[in-house]
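Chain residues, written in single-letter form:
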Amino acid sequence: MRYVSTRGGGAPVAFRAALMAGQAEDGGLLMPERLPDFSGHLESWRGLSYPDLAFEILRRFTDDVPASDLRAIVDRSYAPARNGAGFDTVEIAPVVPMGDLYLLELFHGPTLAFKDLALQLLGHLFDYELARSGETLNVLGATSGDTGSAAIAALRGKANVRVFILFPEGRTSRLQELQMTTVADGNVHCIAVEGTFDDCQRIMKTLFNNPAFKARWRLGAINSVNCVRLLAQVVYYFHAWLRLAPRGAGARVSFSVPTGNFGDVFAGFLAAEMGLPVERLILATNENDILDRFFRTGVYRRGEVRRTLSPSMDIQVASNFERYLWWRLGRDGSAVRSFMAAFEAAGEAGLGGGPVGAGWPGRFVSGSADRAATVAAIERWFRKTGRVLDPHTAVGVTVAEELRGDAPTVCLATAHPGKFPAAAPAGAQVSHPRLAGLDDLPERKVVVPNDAGRVARHIEAVCS
Ligand SMILES: *Cc1c(COP(=O)(O)O)cnc(C)c1O
């Protein structure tokens, strides 16, 4: 499988190069050149464990990694918990009924959010590739809260890797911050930026788009700009369908996905493009609703970032959106470049000028849930079922209740409620043993102004 840039530049690269590069050389994002069709495999995949299924799917994308090596990497990535690492259930991503909906629990990994599912794999892949090549890597990531801790959990203590995480000072939840800053391993560096998550993401892109800096300091990406994350996330859509769908080809399932950077729901879109029978992809945002507005109107227009109960979705400019655009625009890199240039210049851009094309937006339906609706949903489901939803999951559930249609509907439960105790209903128990005691540990972080140059100098100082 070769990987190409959404902006049409540069030569296609193989999997291992795509893994290490993170972003394409021309500033675009890498995408598999074509997608396999798995529809003929669904029936035979029904009994597979999570790692077995992950191996079956991923091996189609990783033909420059020997199958036995991939097998070992996947088994290490999706292993049951040992010494506080790993997943706390062998099912890895259980599908459980909640009223007339289903929850896909993606929070059983080391940092209790769905990002572990992809980052555990990415961490083991980096480890493998660096051991093979003898090189070192400085991983740079920006986080609105959960990516950072999941990346740190995946890379802490690993040889040949440093990890630098940018997060918006004061805008993650307290527990999210502690999950990053209390990790004692010397290869972990937390950088609090005096700005928003979009600022962190912009700084990160500035550094990645500087070829000299990127090469000199051997930067690698763990954000969802790294296409390997998307491939890892495709797996749990297949897993959920296989656990749920009645026998027989074509039985459709809908998915509701609380969305920020458009990585998770885009993985669902890719799964559908690979032959998974998906009825609706319900895209749910909080008040930061640029994507909801886009899917309702065809116009992508930047707004102000607002703080909400679901900080991991407080994003206006969603980096994976470019991948969807590329797909929609017939994989035409120059059309993507014009769209992005128009968006950079004017703060808004539209698809196609006039009414968007036939069949648009396809399987997507979208909606948003504000704070009041999210709080109400958390209360309602707690009273009805005794179950506490974290505020991100609650956004997805709220919008699913409105837009679900007739097919069985799976709501992605993206975080454990214990990570966001302030949003829990009165009287609910939401603590988790992995979070207990973080407050007592020493914290390590540096606070830097919202400026790419200052971040660059900090990274240089650490690496020199
Ligand atoms: C990151 C995150 C999201 C948003 O996922 P995207 O892939 O950025 O759309 C939703 N919920 C939680 C808990 C997250 O950590």
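Let me sum up the structure you'll find in this document. Treat the numbers as computed from the prediction; the structure is a model and nothing was measured.

What follows concerns the packing of aromatic side chains. Applying the stated criterion across every chain, the model contains 28 aromatic pairs. Plain terms: the ring middles of Phe-266 and Phe-269 are 5.7 Å apart, the flat faces sit at 20° to each other, and that makes the pair stacked. Pair noted here: Phe-266 and Phe-269 are both in helix α10 (residues 263-273), with a separation of three residues, about one helical turn. The class of Phe-266 is buried, set by a relative accessible area of 0%. By relative accessible area, which is 5% here, Phe-269 ends up buried. A ring pair is formed by Phe-295 and Tyr-324, whose centres lie 5.3 Å apart and whose planes are at 50°; its orientation type is tilted. With Phe-295 in helix α11 (residues 290-297) and Tyr-324 in helix α12 (residues 321-328), this residue pair connects regions lying 29 residues apart in the sequence. Among the aromatic residues, those joined into a ring-pair cluster are Phe-262, Phe-266, Phe-269, Phe-294, Phe-295, Tyr-300, Phe-321, Tyr-324, Phe-339, Phe-343 and Phe-364. Geometry around Trp-327 places Arg-331 over its ring, the cationic atom sitting 4.2 Å from the centre.

Once that is clear, we can look at the site of the ligand. Every one of the 15 residues lining the ligand counts as a neighbour, but Lys-115, Asp-146, Gly-260, Asn-261 and Thr-414 are closest to it. At 2.6 Å, a side-chain N or O of Lys-115 approaches an oxygen atom of the ligand. Across the complex, the protein chains shield 97% of the 380 Å² of accessible surface that the ligand would expose by itself. Among the residues forming the shell around the ligand, the class breakdown is five nonpolar, seven polar and three charged.

Attention now moves to the sheet that holds strand β6 (residues 161-168). Read across the open sheet, the five strands follow the order β8-β5-β6-β7-β15; overall the sheet is parallel. Each edge of the sheet is formed by a strand with only one pairing partner; in this case those strands are β8 (219-221) and β15 (446-448). Taking each pair of neighbouring strands and ignoring which way they run, the sheet shows an average axis angle of 30°. In this sheet, β6 lies alongside strand β5 (residues 137-142) in parallel orientation, the contact comprising six bridges. Within the sheet, the bridge partner assigned to Leu-140 lies in β6 and is Phe-164.

A few words on unusual backbone geometry. At Ile-92, a position not held by glycine, the phi torsion is positive, near 65°. Phi angles above zero are rare outside glycine, and Leu-112 is one such case at about 65°.

Here we take up the pattern of salt bridges. Counting across every chain of the model gives 26 salt bridges. Lys-445 serves as the salt-bridge partner of Glu-177, at 2.8 Å between the closest nitrogen and oxygen. In this pair, Glu-177 sits in helix α6 (residues 174-181) while Lys-445 sits in the loop between β14 (409-413) and β15, placing the two residues 268 residues apart along the sequence. Each member of the salt-bridge network shares a partner with another, and the members are Arg-16, Glu-129 and Arg-132.

Attention now moves to the pairing of β14. Burial of β14 is extensive: five of the five residues sit out of reach of the surface. The pairing of strand β4 (residues 101-105) with β14 spans four bridges and is classified as parallel. Across the sheet, residue Glu-105 finds its bridge partner in β14, namely Ala-413. Bridge count between strand β9 (residues 253-258) and β14: three bridges; the pairing is parallel. Each residue of the ladder has a partner; that of Phe-255, found in β14, is Val-410.

Reading the values: rules and limits
Residues numbered from 1 in each chain as written. Predicted model: local features only at pLDDT ≥ 70, side-chain atom pairs only at ≥ 80, totals over all residues. Heavy atoms only, no water. Phe/Tyr/Trp six-rings, centres within 6.5 Å; stacked < 30°, edge-to-face > 60°. Helix = DSSP H or I, 4+ residues; strand = E, 2+ residues; numbered from the N terminus. Buried < 20%, exposed > 50% of the residue type's maximum accessible area, 1.4 Å probe, protein only. Lys NZ or Arg CZ within 6 Å of the ring centre and 35° of its normal. Near = heavy atom within 4 Å. Polar contact = N/O pair within 3.5 Å; in protein donor to acceptor, adjacent residues only side chain to side chain. Areas by Shrake-Rupley, 256 points an atom, 1.4 Å probe, with all protein chains shown as cover. Nonpolar A, V, L, I, M, F, W, Y, C, P; charged D, E, K, R; others polar. Pairing = 2+ DSSP bridges. Axes fitted to C-alpha atoms, helices over the stretch in contact; angles between N-to-C directions. Salt bridge = Lys/Arg side-chain N within 4 Å of Asp/Glu carboxyl O.

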